[in-house]
Amino acid sequence: VQLQASGGGLVQAGGSLRLSCAASGSIFGLDVMGWYRQAPGKKRELVATITSGGRSDYTDSVKGRFTISSDNESAWYLQMNSLKPEDTAVYYCYAERRGKGWTRDIYWGQGTQVTVSS
């Protein structure tokens with residue numbers, strides 16, 4: 001499975017960006033898709049997830065501002081509104097599915113930089 005993230009950039013506080021993630025290869029069975037982010041000097045943080053059934057979840061700091069959506073297992077998006085400087089980070093898309101036994105296979109895209117200026 002290959003994941004390609006795009007859509008990052010520089011935006012002023014209060015602005016919006018839309019991140020996209022395109023999955024290719026053997027994508028059958030991907031059942032959770034989402035986005036992590038990592039700011040300088042901080043741990044990678046789970047931002048939002050969406051299941052193949054359409055259920056979404058968000059970290060508290062982005063609730064009401066970010067929206068995750070998907071076309072299907074091949075593409076998903078993160079609409080980011082009312083951006084704040086603290087949203088500045090490298091954003092990574094990811095996906096997972098059941099692996100062998102009780103394991104989960106996790107796949108990562110390359111990061112895309114989001115910078116929010118004050």
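Just so it is clear, the model here is predicted, and its values are computed rather than measured.

Q: Would you mind showing me how to read the overall build of the protein chain here?
A: Secondary structure summary: the protein chain contains 0 helices and 11 strands in total. Start at the N end of the protein chain and walk to the C end: the helices and strands fall as β-β-β-β-β-β-β-β-β-β-β. Against the 2.2 N^0.38 benchmark of 13 Å for 118 residues, the protein chain shows a C-alpha radius of gyration of 14 Å, consistent with a compact globule. Once the C-alpha set of the protein chain is aligned to its principal axes, its extents read approximately 45 × 25 × 25 Å. Taking all 118 residues of the protein chain together, the buried fraction comes to 41%. For the protein chain, restricting intrachain contacts to residue pairs at least 6 apart in sequence, the fraction spanning at least 24 positions comes to 53%. Approximately 6400 Å² of the protein chain is accessible, and the part contributed by carbon and sulfur atoms is 49%.

Q: Honestly, unusual backbone geometry in this entry has me stumped. Any pointers?
A: Most peptide bonds take the trans form, and the phi angle of most residues other than glycine is negative. A positive phi angle, near 50 degrees, is found at S82, a position not held by glycine. Secondary-structure assignment places S82 in the loop between β8 (75-80) and β9 (89-98).

Q: I tried to follow the sheet that holds β8 on my own but got confused; where do I start?
A: Across a sheet, paired strands are connected by hydrogen bonds in the backbone, their directions being either parallel or antiparallel. Overall, antiparallel pairing links the 4 strands, which are arranged β1-β3-β8-β7 in an open sheet. Strands at the two margins of the open sheet, each flanked by one partner only, are β1 (2-6) and β7 (66-72). Shown here is a sheet whose adjacent strand axes are inclined to one another by a mean of 15 degrees, direction ignored. Of the pairings in the sheet, the one linking β7 to β8 comprises 6 bridges and is antiparallel in character.

Q: Help me out: how do you make sense of the state of the cysteines in this one?
A: One covalent bond between the sulfur atoms of two cysteine residues makes up a disulfide. Per the stated rule, a full pass over the model turns up 1 disulfide. In this model C21 forms its disulfide with C93; the gap between the sulfur atoms is 2.2 Å. The sign of the 55 degrees torsion about the S-S bond sets the C21-C93 disulfide as right-handed. Of the two residues, C21 sits in strand β3 (residues 17-24) while C93 sits in strand β9, which places them 72 residues apart along the sequence. For C21, a relative accessible area of 2% gives the class buried.

Reading the values: the criteria
Residues numbered from 1 in each chain as written. Predicted model: local features only at pLDDT ≥ 70, side-chain atom pairs only at ≥ 80, totals over all residues. Heavy atoms only, no water. Helix = DSSP H or I, 4+ residues; strand = E, 2+ residues; numbered from the N terminus. Rg over C-alpha atoms; globule rule 2.2 N^0.38 Å. Buried < 20%, exposed > 50% of the residue type's maximum accessible area, 1.4 Å probe, protein only. Contact = heavy atoms within 4.5 Å. Areas by Shrake-Rupley, 256 points an atom, 1.4 Å probe, with all protein chains shown as cover. Pairing = 2+ DSSP bridges. Axes fitted to C-alpha atoms, helices over the stretch in contact; angles between N-to-C directions. Disulfide = S-S within 2.5 Å.

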